[in-house]
Amino acid sequence: MKRFTIALMTGLFFMACNQPTTDSVDDGVIETPRDGVFIHITHDHNDPHRVLMPLQMASVMASDKDVLIYLDIDAVNLVTRDAEDIAYEHFTPLKENLSNLIAMGVDIYACPSCMKIAGIEAEDLMEGVKVAEKERFFDFTAGNIISLTY
């Protein structure tokens, strides 16, 4: 019985390891889905390093990963049309970085509850920034998701 169990477990293991990672097949080549990076930013102008570092990470990751940026708490103040720009050390300034990320197809979302507390309406958000929807957190990538919080 012990040998049967070991053989069964070994067979199941190899079957699981040999499963395709995606249903996307093009010319007989199986493509693996891109992994995703969920970047969570909570600070605003009061801590430029904690704002610009995650945006730099998003820029680096977006070249070959799906990226979603979620801003809540004080960070919703960064993405209004009249928000002050931030420049710090060797980082790309805030507004330029956000514009570049949006052009790269990175989704940027602001927390609706935090916006309400800050007195920010959806129409106050800069172009390309959206009000967060919980389902989007789960469907922005087909691969694994890692989360970075700043």
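The sections below set out a description of the structure shown in this document. This one's a predicted model, so the numbers in the text were calculated from it and none came from an experiment. (Residues numbered from 1 in each chain as written. Predicted model: local features only at pLDDT ≥ 70, side-chain atom pairs only at ≥ 80, totals over all residues. Heavy atoms only, no water.)

**So, the environment of Val-131**
Right, on to step 1. Residue placement: Val-131 occurs in strand E6 (residues 129-131).
Right, on to step 2. Residue classification places Val-131 among the partly exposed positions, given a relative accessible area of 29%.
Right, on to step 3. Those residues in contact with Val-131, other than ones at most four positions away along the chain, are Tyr-109, Ala-110, Pro-112, Met-115, Ala-122 and Leu-125. (Helix = DSSP H or I, 4+ residues; strand = E, 2+ residues; numbered from the N terminus. Buried < 20%, exposed > 50% of the residue type's maximum accessible area, 1.4 Å probe, protein only. Contact = heavy atoms within 4.5 Å.)

**Quick notes on the pattern of salt bridges**
Right, on to step 1. All chains considered together, the criterion is met by six salt bridges.
Right, on to step 2. The closest approach of N and O atoms between Asp-107 and Lys-130, which form a salt bridge, is 2.8 Å. With a gap of 23 residues between them, Asp-107 in strand E5 (residues 107-110) and Lys-130 in strand E6 connect regions that are remote in the sequence.
Right, on to step 3. Lys-130 sits in the partly exposed class, given a relative accessible area of 35%.
Right, on to step 4. Here Asp-107 ties to Arg-136 by a salt bridge, and the two come within 2.4 Å at their closest N and O atoms. Separated by 29 residues along the polypeptide, Asp-107 in strand E5 and Arg-136 in helix H5 (residues 136-139) bring together distant segments of the chain.
Right, on to step 5. Accessibility expressed as a relative area gives 12% for Asp-107, which makes it buried.
Right, on to step 6. Several salt bridges share partner residues, and in doing so they unite Asp-107, Lys-130, Arg-136 and Asp-139 into one network. (Salt bridge = Lys/Arg side-chain N within 4 Å of Asp/Glu carboxyl O.)

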